[in-house]
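# Tertiary structure, described
Now for the letters of each chain:
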Amino acid sequence: MFWNGKKRNHTQKADRSLSPKDGNGQDCRDGSGSGQATLPPKEAMPRHIAFIMDGNGRWAKKRGLPREYGHKEGAAVIRRLTEYCGSIGINTVTVYAFSTENWKRPEREISAIMKLLRDYLNDALREMEKNRIRFCFLGDRSRFDGETRRLMQEAEERSVGYTLRLNLAINYGGRDEIVHAVNACLREGITEISEDDISRHLYTKDSPEPDLIVRTGGEQRLSNFLLWQSEYAELYFSPILWPDFSERDVDAAVADFCRRNRRYGAVDVQDGAKADS
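Here's what I pulled together on the structure shown here. Within each chain, residue numbers correspond to sequence positions counted from 1 in written order. Local features are withheld for residues below a pLDDT of 70 in this predicted model, meaning they are given only at 70 or higher, and side-chain atom pairs are given and counted only at 80 or more; totals for whole chains, interfaces and linings count all residues. Values reported for side chains reflect all heavy atoms of the structure, with hydrogen atoms and water molecules removed beforehand.

### Some points on the packing of aromatic side chains
The rule is short: rings of Phe, Tyr and Trp, with Trp giving its six-membered ring, pair when the centres are within 6.5 Å, and they are stacked under 30 degrees, edge-to-face over 60, tilted in between. Under the definition given, this model contains 11 aromatic pairs. Taken together, a centroid distance of 6.4 Å and an interplanar angle of 20 degrees make the contact between tryptophan 59 and tyrosine 69 stacked. One end of the pair, tryptophan 59, is in helix α1 (residues 56-62); the other, tyrosine 69, is in helix α2 (residues 67-87), and 10 residues separate them in sequence. Each residue gets one of three labels from its accessible area relative to the maximum for its type: buried under 20%, exposed over 50%, partly exposed in between, using a 1.4 Å probe on protein chains only. Overall, the relative accessible area of 0% leaves tryptophan 59 in the buried class. Take tyrosine 69: its relative accessible area is 16%, and that puts it in the buried class. Their ring planes at 80 degrees and their centres at 6.2 Å tell us that tyrosine 172 and phenylalanine 225 sit as a pair that is edge-to-face. Here tyrosine 172, found in strand β4 (residues 164-172), pairs with phenylalanine 225, found in the loop between β5 (212-215) and β6 (234-237); they are 53 residues apart in sequence, far enough to count as distant. A single burial state applies to tyrosine 172 and to phenylalanine 225, both of which are buried. A network of ring pairs unites the aromatic residues Tyr96, Tyr172, Tyr203 and Phe225 as a single cluster. Across the ring face of tryptophan 103, the terminal group of arginine 143 is positioned such that the distance to the ring centre comes to 4.1 Å. Helix and strand assignments follow DSSP, with helices taken as H or I runs no shorter than four residues and strands as E runs no shorter than two, numbered in order from the N terminus. For a Lys NZ or an Arg CZ to count as sitting over a ring, it must be within 6 Å of the ring centre and within 35 degrees of the ring normal.

### A few points about the environment of aspartate 197
Along the polypeptide, aspartate 197 turns up in helix α7 (residues 195-199). Ignoring sequence-local partners within four residues, the contact set of aspartate 197 consists of Cys185, Ile190 and Glu192. Of the polar contacts made by the side chain of aspartate 197, one reaches the side chain of arginine 200; its length is 3.4 Å. Residue contacts are defined here by distance: any two heavy atoms, one from each residue, within 4.5 Å place the two residues in contact. Here a polar contact means two N or O atoms within 3.5 Å. Within protein one must be a hydrogen donor candidate and the other an acceptor candidate, and residues neighboring in sequence count only if both atoms are side-chain atoms.

### Regarding the packing of helix α3 (residues 107-126) against helix α5 (residues 146-158)
All axes are obtained by fitting lines to C-alpha atoms, using only the stretch in contact for helices, and the reported angles, taken between N-to-C directions, cover 0 to 180 degrees. Viewed as axis vectors pointing N to C, α3 and α5 meet at an angle of 30 degrees, and their least axial separation amounts to 10 Å. Note that α3 runs across α5; the crossing there is left-handed. Along the contact surface, α3 presents Leu117, Arg118, Leu121, Asn122 and Leu125, while α5 presents Thr148, Leu151, Met152, Glu154, Ala155 and Arg158. The handedness criterion is simple: a crossing whose near helix is rotated anticlockwise from the far helix by less than a right angle is left-handed, and one whose near helix is rotated clockwise is right-handed.

Structure (structure tokens):
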């Protein structure tokens, strides 16, 4: 789920012949034949896009590879798409890298993911000036070893001045985050907790709320991700497995977002006029 700092070579190791297909072997992109989407002006773009990166294990299984290899391939996508989002004017990207529920997975898979995390942190620190990405880690860090926590803290501190922000949700759960925020309020002696009190104690307190949440892999649920912050987020579900999710798929998600009418509980002026007539 984490990149290793190197550009992926599409000709090595993995058979990528299934890249543009869904689980049924059908082309699951935009259907126009071009695979392209026209991006809106920057002022209409989402400020914050969040990804539920689903499908790494299935991607590997389709190729007869261990699930761990799917996580490695999926990790390369994080870097590429974070950089791409920055290039089109989206300056906050959040990825659901490892949930509080993911500890239930096989020990071998967890060990491989933890190794990817350590490799990622070391490579991110080496290439900090080149990539110019601000790293922020969402979730409970207490379950990680001291060296991993130290690397996470160093990555955050050294990148604090960069504009393009990558939130990595690691050992993260939406319910757990809300409980953490409420307990932090209680420790401060707050007896009547408001929405603002909770918001300023969330892991994402320094980020804008997500405008668009994209889930890959065909499932259509939030899976305990950004439950508080997603109140008015637009949801976009794609059948494409995460290791195959590309820049043009981001374009399609953003174009779909911009076609929606975000009313935030209100009504359109035209709709209101019709109702009053």
